[in-house]
Amino acid sequence: MENIAELIKKAKKETGTLILAHTYQPPEIIELADITGDSFKLAQACLETDAKRVIMCGVRFMAESVKILSPEKEVILPAPEATCPMAEMISPERVRKYKEENPDSVVVAYINTTAALKAECDVCVTSSSALKIVEKIEAPEILFIPDKNLGTFVKNAFPEKNIVVWDGYCPIHDRVTAEDILEAKKAHPEALVAVHPECKKEVVDLCDMAGSTADIIKFALASEKDVIIGTERGVADYLTLKYPEKGFYHLAPEKLVCKDMKYVDTDTLLKAIRGEAGEVIEIDEALRIKAKKSIDEMLRLG
Ligand code: 13P
Ligand code: SF4
């Protein structure tokens with residue numbers, strides 16, 4: 001009898017389906033994916049393929065980003081309940097109201113937002129491009145949504161700019177404390193520490209680098225020293241699986257678990273490929289065009 005991995009590979013081939021997986025996904029999903037990476041890189045990489053049918057193993061805003069860039073492709077979210085709480089910590093109506101009250105404000109949205117929010121903002125940023133893009137914005141005021149930690153990181157880099165930071169946060173990365181860093185450093189005194197900028201300022205301040213998932217992986221692979229990985233635990237799981245000879249350690253592994261990223265298992269993936277599970281992502285065309293404008297602006301400035 002064929003095992004589930006073989007069934008997935010067969011079903012994928014028969015249906016011409018491309019599998020994208022964010023690096024926070026469980027290792028067995030990563031192993032079966034055609035492309036892995038951080039959220040924006042996946043959407044960009046997908047655009048460059050001629051696949052007509054795509055399964056995005058991740059959370060809803062990631063599948064929406066794929067659809068925004070590749071509207072002609074059928075984009076499927078295998079576990080429709082997988083959402084990112086931070087991506088909706090401000091409503092599109094609230095952004096519209098803010099813009100009415102503050103017409104000179106430029107709204108900068110982290111890429112971890114819903115399509116409806118992207119449609120209301122002026123420019124998107126990723127965690128790796130945020131500084132470069134905000135540096136180029138000349139405006140009396142910038143509203144940064146939704147992540148207060150990434151927003152504060154950007155605000156502190158440009159004290160001369162008037163940056164208002166929304167109060168959202170990633171419940172997973174925001175849990176990490178300075179004590180967690182000190183404990184991990186004590187356990188691995190020779191190792192460097194890399195964290196996601198969705199962590200609090202006092203945490204980022206104690207680390208050797210802060211960057212997106214892809215930047216953390218790049219940093220870890222290039223490092224001659226061991227590295228403590230301070231983002232969702234799937235990244236350290238993935239790195240230790242792929243590079244067992246290198247010294248990678250989890251930071252606070254019991255805290256850094258995003259349950260929404262773990263809804264997809266191999267059964268769900270197989271069903272989604274066969275059209276028996278998952279949701280086909282639909283975005284109203286006018287809204288998609290508006291949302292894409294903010295991504296295009298990010299690419300122009302970034
Ligand atoms: P990246 O854009 O770094 O992949 O971040 C996705 C995410 O969900 C961070 O928590
Ligand atoms: Fe959202 Fe945080 Fe999960 Fe990333 S780790 S998907 S930001 S809740």
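Quick caveat, the model's predicted, so the values are computed rather than measured. Sequence order as written defines the numbering, with residues in each chain counted from 1. Chains and ligands are labelled sequentially in the order written, the chains with letters from A and the ligands with numbers from 1. Owing to the predicted nature of the model, reporting of local features is limited to residues with pLDDT of at least 70; listing and counting of side-chain atom pairs is limited to 80 or more, with chain, interface and lining totals taken over all residues. Think of the side-chain values as coming from all heavy atoms in the structure, minus any hydrogens and water.

Engineer: Could you clarify how one ought to interpret the packing of aromatic side chains in this entry?
Structural biologist: For any pair of aromatic rings, the description rests on two quantities: the centre-to-centre distance and the angle between the ring planes. In this analysis, rings of Phe, Tyr and Trp, with Trp reduced to its six-membered ring, are considered paired at centre separations within 6.5 Å, and the interplanar angle assigns stacked below 30 degrees, edge-to-face beyond 60, and tilted for intermediate values. As enumerated under the stated definition, the model contains 0 aromatic pairs in all. Here, a charge over a ring is recorded when the distance from Lys NZ or Arg CZ to the ring centre is within 6 Å and its angle to the ring normal is within 35 degrees. Here the guanidinium or amino end of Lys-161 rests over the ring plane of Phe-158, the centre of that ring lying 5.9 Å away.

Engineer: Looking at this structure, I do not really get the site of ligand 1. What am I missing?
Structural biologist: A molecule or strand has a residue near it when one of that residue's heavy atoms lies within 4 Å. Ligand 1 sits among His-22, Tyr-24, Asp-38, Ser-39, Met-62, Asn-112, Ser-127, His-173, His-196, Glu-198, Ser-212 and Thr-213. Interatomic distance of 2.6 Å between a side-chain N/O atom of His-22 and an oxygen atom of ligand 1. Relative to its free-state accessible area of 300 Å², ligand 1 is covered by the protein chains to the extent of 94%. Grid spacing is 1 Å over the protein atoms alone, the probe is 1.4 Å, and a cavity is where that probe fits but cannot get out, while a pocket is an open set with protein on both sides within 12 Å along at least five of seven lines and lining residues have an atom within 4 Å of a point. Whether a molecule lies in a cavity or pocket depends on its atoms, and more than half of them have to be within 2 Å of the grid points. More than half of the atoms belonging to ligand 1 lie within 2 Å of the grid points that define the largest pocket. Note on residue classes: Ala, Val, Leu, Ile, Met, Phe, Trp, Tyr, Cys and Pro are nonpolar, Asp, Glu, Lys and Arg are charged, and everything else, Gly too, is polar. Counted by class, the shell around ligand 1 contains 2 nonpolar, 8 polar and 2 charged residues. As used in this structure description, the phrase polar contact means that two N or O atoms lie within 3.5 Å; if the pair is within protein, one of them must be able to donate a hydrogen and the other to accept it, and residues adjacent in sequence are counted only when both atoms belong to side chains. For the accessible areas, the method is Shrake-Rupley and the probe is 1.4 Å, while residue cover comes only from the protein chains on display.

Engineer: Could you clarify how one ought to interpret the site of ligand 2 in this entry?
Structural biologist: As a matter of local geometry, ligand 2 sits amid Tyr-24, Cys-84, Pro-85, Met-86, Asn-112, Cys-170, Ile-172, His-173, Glu-198 and Cys-258. Across the shell around ligand 2, the residue classes break down as 7 nonpolar, 2 polar and 1 charged.

Engineer: Can you help me understand the environment of Thr-126 in this one?
Structural biologist: Here a helix means four or more residues in a row that DSSP labels H or I, a strand means two or more in a row labelled E, and each is numbered from the N terminus. Within the secondary structure, Thr-126 sits in the loop between strand 6 (123-125) and helix 7 (130-136). Residue contacts follow a heavy-atom distance rule, with two residues in contact if any of their heavy atoms lie within 4.5 Å. Once you skip the residues sitting within four places of it in the chain, Thr-126 turns out to touch Phe-40, Tyr-110, Ile-111 and Met-298. Within the structure, the side chain of Thr-126 is placed 3.0 Å from the backbone nitrogen of Ser-129, a separation counted as a polar contact.

Engineer: I'm lost on the sheet that holds strand 1 (residues 17-22) in this one. Help?
Structural biologist: Hydrogen bonding along the main chain pairs the strands of a sheet, whether they run parallel or antiparallel. Pairing between strands is defined by DSSP: at least two bridges between them are needed. Spatially, the 5 strands line up as an open sheet ordered 2-1-3-4-13, and their pairing is mixed. Every interior strand has two partners, whereas the edge strands, strand 2 (35-37) and strand 13 (279-280), have only one. By the bridge criterion, 5 bridges tie strand 1 to strand 3 (residues 53-57) in an arrangement that is parallel. Bridging across to strand 3, Ala-21 finds its partner in Cys-57. Throughout, an axis means a line fitted to C-alpha atoms (over the contacting stretch in the case of helices), and angles, computed between N-to-C directions, take values from 0 to 180 degrees. Here helix 13 (residues 266-273) sits on the sheet in contact with strand 1, strand 3 and strand 4 (74-77), set at roughly 160° to strand 3.

Engineer: For this particular structure, what's the right way to read the sheet that holds strand 7 (residues 141-145)?
Structural biologist: Spatially, 4 strands are ordered 6-5-7-8 in an open sheet, and the strand pairing comes out parallel. Two strands bound the open sheet, and with one partner strand each, they are strand 6 and strand 8 (163-165). Between one strand axis and the next, the sheet turns by 30° as a mean value, whatever way the strands run. Across 5 bridges, strand 5 (residues 105-110) lies against strand 7 in parallel orientation. Across the sheet, residue Val-106 finds its bridge partner in strand 7, namely Ile-142. Contacting strand 5, strand 7 and strand 8, helix 8 (residues 148-157) crosses the sheet at an angle of about 160° to strand 8.

Engineer: Looking at this structure, how should I read the layout of surface pockets?
Structural biologist: In this approach the atoms are scanned with a rolling probe the size of a water molecule, which exposes any empty space left behind. As a volume, the largest pocket reaches approximately 490 Å³. Lining the largest pocket are 41 residues; nearest its centre among them are Ser-39, Phe-61, Tyr-110, Asn-112 and Glu-198. At the level of secondary structure, the elements contributing two or more residues to the lining of the largest pocket comprise helix 3 (39-47), helix 4 (60-69), helix 11 (213-222) and helix 14 (285-301). Among the elements that take part in the lining of the largest pocket, helix 3 stands out by supplying 4 residues, more than any other. The residue makeup of the lining of the largest pocket, split by class, is 19 nonpolar, 14 polar and 8 charged. Grid points are joined across faces, edges and corners, and a volume is the space filled by probe spheres set on the points.

Engineer: Before we go on, may I ask you to explain helix 8 in this structure?
Structural biologist: An α-helical turn contains 3.6 residues, so a residue and the one three or four places further along point in the same direction. Whether a residue is buried, partly exposed or exposed follows from its accessible area with a 1.4 Å probe, protein chains only, as a fraction of its type maximum: under 20%, in between, or over 50%, in that order. Among all positions in helix 8, only Asn-149, Leu-150, Gly-151 and Val-154 are buried. Residues of helix 8 that are buried make contact with strand 5, helix 7, strand 7 and strand 8.

Engineer: What exactly am I supposed to notice about the environment of Cys-199 here?
Structural biologist: Locating Cys-199 in the fold gives a position in the loop between strand 9 (192-195) and helix 10 (201-204). For Cys-199 and Asp-147, which are 52 residues apart along the polypeptide, the C-alpha to C-alpha distance reads 9.8 Å. In this structure Cys-199 touches Asn-149, His-173, Val-176, Val-204 and Gly-230, once residues within four positions along its chain are discounted.

Engineer: Teacher, can you tell me more about the pattern of salt bridges here?
Structural biologist: Pairing is possible between side chains of opposite charge, provided their charged atoms come close. Counted as salt bridges are all cases of a side-chain nitrogen of Lys or Arg within 4 Å of a carboxyl oxygen of Asp or Glu. Inspection of every chain in the model, using the stated rule, returns 19 salt bridges. Glu-120 is the salt-bridge partner of Arg-96, the closest N and O atoms lying 2.6 Å from each other. You can see Arg-96 sitting in helix 5 (residues 92-101) and its partner Glu-120 sitting in the loop between helix 6 (115-118) and strand 6, a full 24 residues away along the chain. By relative accessible area, Arg-96 is classed as partly exposed at 38%. The salt bridge partner of Lys-262 is Glu-232, with a shortest N-O separation of 3.1 Å. Placement of Lys-262 in the loop between strand 12 (248-250) and helix 13 and of Glu-232 in the loop between strand 11 (227-230) and helix 12 (233-242) is noted, with a sequence separation of 30 residues between them.

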